[in-house]
Amino acid sequence: MNNTTKHHGSCLCGDVTFDVDLDWSTGSRCNCTLCTKLGAVGSIVKPAAFKLLSPESKLSSFTRTPEIGRRFFCARCHVYCFGSGRLEVLGGDFVSVNLNCLDDFDVSRTSLIHWDGRHDNWQAGPAPAPWPLSA
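From a predicted model like this one, the values you see are computed outputs, not experimental measurements.

*Asks:* What is the right way to look at the layout of surface pockets in this model?
*Replies:* Think of a ball as big as a water molecule: rolled over the atoms, this probe shows where empty space is left. Here the largest pocket is characterised by a volume of approximately 1100 Å³. Lining the largest pocket we find 38 residues, and of these Cys30, Cys35, Arg71, Leu87 and Trp122 sit closest to its centre. Broken down by secondary-structure element, the contributors of at least two residues to the lining of the largest pocket are strand S3 (26–30), helix H1 (33–38), strand S4 (42–45), strand S7 (69–74), strand S8 (80–87), strand S9 (92–98) and strand S10 (111–115). Broken down by element, the residue count for the lining of the largest pocket peaks at five residues, all from S3. Looking at side-chain class alone, the lining of the largest pocket contains 18 nonpolar, 14 polar and six charged residues.

Here's what the structure looks like:
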């Protein structure tokens, strides 16, 4: 069943805006160092479901793994808005949206799944509770 709807998102200052079609009834959290520090709740969509409304000149980016993807931030207020890249296990090209940037996102109405990225334990799949930070 497809429960996707269009949502509008933005950074704090409003320089970066986007629309995305997704179902945020389930969001994901990862315990890797980067995701922990960002504090993002993510959702993966196909690039066709995401539309950046702002000029790319309003973005800055960061990557530790350029072969996989980049994270995009507002160049002025530095809020993390989305990432994009390519991973075959995700079906190829993807956009990872920070649900916290959506105008209508309510984490209390979202089921969270948790990934153990800190230990590269991706094969374990998602868990209903956070993974421990220590090995």
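Let's pick the thread back up.
*Asks:* Which parts of the structure should I look at to understand the side chain of serine 96?
*Replies:* Looking at the element boundaries, serine 96 is found in strand S9. The buried category is assigned to serine 96, whose relative accessible area is 16%. Here serine 96 is in contact with Ser43, Ile44, Tyr80, Phe82 and Gly83, once residues within four sequence places are set aside.

*Asks:* Can you help me understand the nonpolar core in this one?
*Replies:* Across soluble globular proteins, nonpolar side chains show a tendency to be buried alongside one another. Ranked by internal contacts, the top residues of the largest apolar core, which has 21 residues, are Phe18, Val20, Leu22, Val45, Phe50, Val97 and Leu102. Of all the secondary structure elements, the ones that give two or more residues to this core are strand S2 (17–22), S7, S8 and S9. Setting aside residues no more than four positions away along its own chain, phenylalanine 18 makes contact with His7, His8, Gly9, Ser10, Phe50, Lys51, Leu52, Leu53, Cys81, Val97, Cys101 and Leu102.

*Asks:* Just checking my understanding: could you explain a nonpolar patch on the surface for this structure?
*Replies:* A cluster of nonpolar side chains, Ile44, Val89 and Leu90, forms an exposed patch at the surface whose accessible area comes to about 290 Å². Following the sequence through the fold, isoleucine 44 ends up in strand S4. A relative accessible area of 42% means that isoleucine 44 is categorised as partly exposed.

*Asks:* Would you explain the environment of leucine 90 in this entry?
*Replies:* Within the secondary structure, leucine 90 is located in the loop between S8 and S9. Judged by relative accessible area, which is 37%, leucine 90 ranks as partly exposed. For leucine 90 and aspartate 21, which are 69 residues apart along the polypeptide, the C-alpha to C-alpha distance reads 17 Å. Those residues in contact with leucine 90 that sit more than four places away from it in its chain are Ile44 and Lys46.

What counts, and at which threshold
Residues numbered from 1 in each chain as written. Predicted model: local features only at pLDDT ≥ 70, side-chain atom pairs only at ≥ 80, totals over all residues. Heavy atoms only, no water. 1 Å grid on protein atoms, 1.4 Å probe; cavity = no way out; pocket = protein on both sides within 12 Å on 5 of 7 lines; lining within 4 Å. Points joined across faces, edges and corners; volume = space filled by probe spheres on them. Helix = DSSP H or I, 4+ residues; strand = E, 2+ residues; numbered from the N terminus. Nonpolar A, V, L, I, M, F, W, Y, C, P; charged D, E, K, R; others polar. Buried < 20%, exposed > 50% of the residue type's maximum accessible area, 1.4 Å probe, protein only. Contact = heavy atoms within 4.5 Å. Core = buried A, V, L, I, M, F, W, Y, C linked by side-chain atoms within 4.5 Å. Patch = residues over 30% accessible without salt bridge, like charges linked within 9 Å, V, L, I, M, F, W, Y side chains within 5 Å. Areas by Shrake-Rupley, 256 points an atom, 1.4 Å probe, with all protein chains shown as cover. Salt bridge = Lys/Arg side-chain N within 4 Å of Asp/Glu carboxyl O.

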